[in-house]
Amino acid sequence: MIRLLIFFFFFPLTFYAQQDTLSFQRGEFLKYKIQYGLLNAGFATVELKTENAISDTLIHAVGKGWTTGMVGFLFPVEDRYESYFTENELKPKYFVRKVSEGGYTQDKEISFDYIKHQAQEINHKKGTEKSYFIQNNIQDMLSSFYYMRRFNFDLMKANDSIDVNMFFDGKMNPIKLIVLGREKVKTRYGKLDAIKVRPLVLKGRVFKDEENVTIWISDDHNKIPLKIKASLIVGSAKAELVEFNGLVHPFP
């Protein structure tokens, strides 16, 4: 479940100047309600921990996802992602992926070495260890969310497109983000100004094609996803912000 949510909106920007205004801080917490068709499918959260067991110079992000109700009974999901990334450059140093989605499971740890241009992956499920070539300008699935929020959307206009390399499943995955424009979007917090974007996602296993995901991001200094809609191979899904805490700037 969290994997779906991450693919919906964890896409970074690369060619636009960073803002001086910080968009997040340690202690931030966001929760999303996920629906599959008419069913309440589950929840997903993303959080920046205030403590860090590895290093005080790194930011520790945790993403969780789980199914509930009938969906949880038919397709139990319990996902957890963790990312440790540098505070200034927002470069991932360590990534954890532990997922259980029906019969699909993964348990991996990845360390990034930018001097050697290597990602060292430990697969606990298979008991294997592999090294992969990486470039310097990469993000993992979770660090991408925060990397994106450090860039200035005011410099972007409709039809601008942005490219980035995301390291996932042992390879570099090129992702393109297209800005569709700005509009008001209805949320449980009222009608809010939003930036409408569309990531060209990886088609095949989850999504019908490259252009079936739409995201509305708050058009303010927080730059948090408000709503996400997607057409899947089977059915459709949407996610909506339902809880928040620890934001840097006033919201809504």
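Residues numbered from 1 in each chain as written. Predicted model: local features only at pLDDT ≥ 70, side-chain atom pairs only at ≥ 80, totals over all residues. Heavy atoms only, no water.

**Student:** Explanation requested: the overall build of the protein in the structure shown.
**Tutor:** When you go through the protein residue by residue, the secondary structure sums to three helices and 15 strands. Counting only residues that meet the buried cut, the protein has 52% of its 252 residues in that class. Expressed as a percentage of contacts within the protein between residues at least 6 apart in sequence, the contacts between residues at least 24 apart total 51%. Accessible area for the protein stands at about 11,900 Å²; split by element, carbon and sulfur atoms hold 50% of it. (Helix = DSSP H or I, 4+ residues; strand = E, 2+ residues; numbered from the N terminus. Buried < 20%, exposed > 50% of the residue type's maximum accessible area, 1.4 Å probe, protein only. Contact = heavy atoms within 4.5 Å. Areas by Shrake-Rupley, 256 points an atom, 1.4 Å probe, with all protein chains shown as cover.)

**Student:** Would you mind showing me how to read the environment of R80 here?
**Tutor:** Position of R80 among the secondary structure elements: in strand β4 (residues 77-86). Overall, R80 belongs to the partly exposed group, its relative accessible area being 30%. In this structure, the C-alpha to C-alpha distance between R80 and S100, residues 20 residues apart in sequence, is 8.9 Å. Polar contacts involving the side chain of R80 include one to the side chain of E82, which spans 3.0 Å. (Polar contact = N/O pair within 3.5 Å; in protein donor to acceptor, adjacent residues only side chain to side chain.)

**Student:** What is the right way to look at the pattern of salt bridges in this model?
**Tutor:** A pair can form between side chains of opposite charge whenever their charged atoms are brought close. Within the structure shown, the criterion is met by 10 salt bridges. Ionic pairing is found between D169 and R97, a salt bridge with its closest N-O pair at 2.8 Å. Taken together, the residues D169 in the loop between β10 (161-168) and β11 (171-187) and R97 in strand β5 (residues 92-101) connect sequence positions 72 residues apart. By relative accessible area, which is 41% here, D169 ends up partly exposed. Given the relative accessible area of 4%, R97 is considered buried. Note that K184 and D193 form a salt bridge whose closest N and O atoms lie 3.1 Å from each other. For K184, a relative accessible area of 55% puts it in the exposed group. On the basis of relative accessible area, D193 is assigned to the partly exposed category, the value being 42%. (Salt bridge = Lys/Arg side-chain N within 4 Å of Asp/Glu carboxyl O.)

**Student:** So what exactly am I meant to see when it comes to unusual backbone geometry here?
**Tutor:** Note: most residues except glycine have negative phi, and most peptide bonds are trans. Cis geometry is found at the peptide bond from F251 to P252, where omega equals 0 degrees. By secondary structure assignment, the location of P252 is in the segment after β15 (236-245). The phi dihedral of D169 falls on the positive side, at around 55 degrees, and the residue is not glycine. Positive phi outside glycine occurs at K223, with the angle close to 50 degrees.

**Student:** Help me understand the packing of aromatic side chains in this model?
**Tutor:** The way to describe two aromatic rings as a pair is by their centre distance and the angle between their planes. Using the criterion set out here, one finds 12 aromatic pairs in the structure. A ring pair is formed by Y189 and F244, whose centres lie 5.3 Å apart and whose planes are at 70 degrees; its orientation type is edge-to-face. Here F244 lies in strand β15 and Y189 lies in the loop between β11 and β12 (190-200), a separation of 55 residues in the sequence. Residue Y189 is classed as partly exposed on the basis of its relative accessible area, which comes to 25%. Residue F244 is classed as partly exposed on the basis of its relative accessible area, which comes to 26%. Seen in terms of ring centroids, Y189 and F251 are 5.9 Å apart; in terms of plane orientation they differ by 70 degrees. Their pairing is edge-to-face. (Phe/Tyr/Trp six-rings, centres within 6.5 Å; stacked < 30°, edge-to-face > 60°.)

**Student:** Would you mind showing me how to read the side chain of Q139 here?
**Tutor:** Among the structural elements, Q139 can be located in strand β9 (residues 138-139). Here Q139 falls in the buried class, since its relative accessible area comes to 3%. In this structure the side chain of Q139 is engaged in a polar contact, spanning 2.7 Å, whose partner is the side chain of S143.

**Student:** Could you clarify how one ought to interpret a nonpolar patch on the surface in this entry?
**Tutor:** Taken together, the side chains of M70, F73, L74 and F75 present a nonpolar region at the surface, about 500 Å² in accessible area. Examined against the element boundaries, F75 turns out to sit in the loop between α2 (69-74) and β4. F75 gets classed as partly exposed once you look at its relative accessible area, which sits at 42%. (Patch = residues over 30% accessible without salt bridge, like charges linked within 9 Å, V, L, I, M, F, W, Y side chains within 5 Å.)

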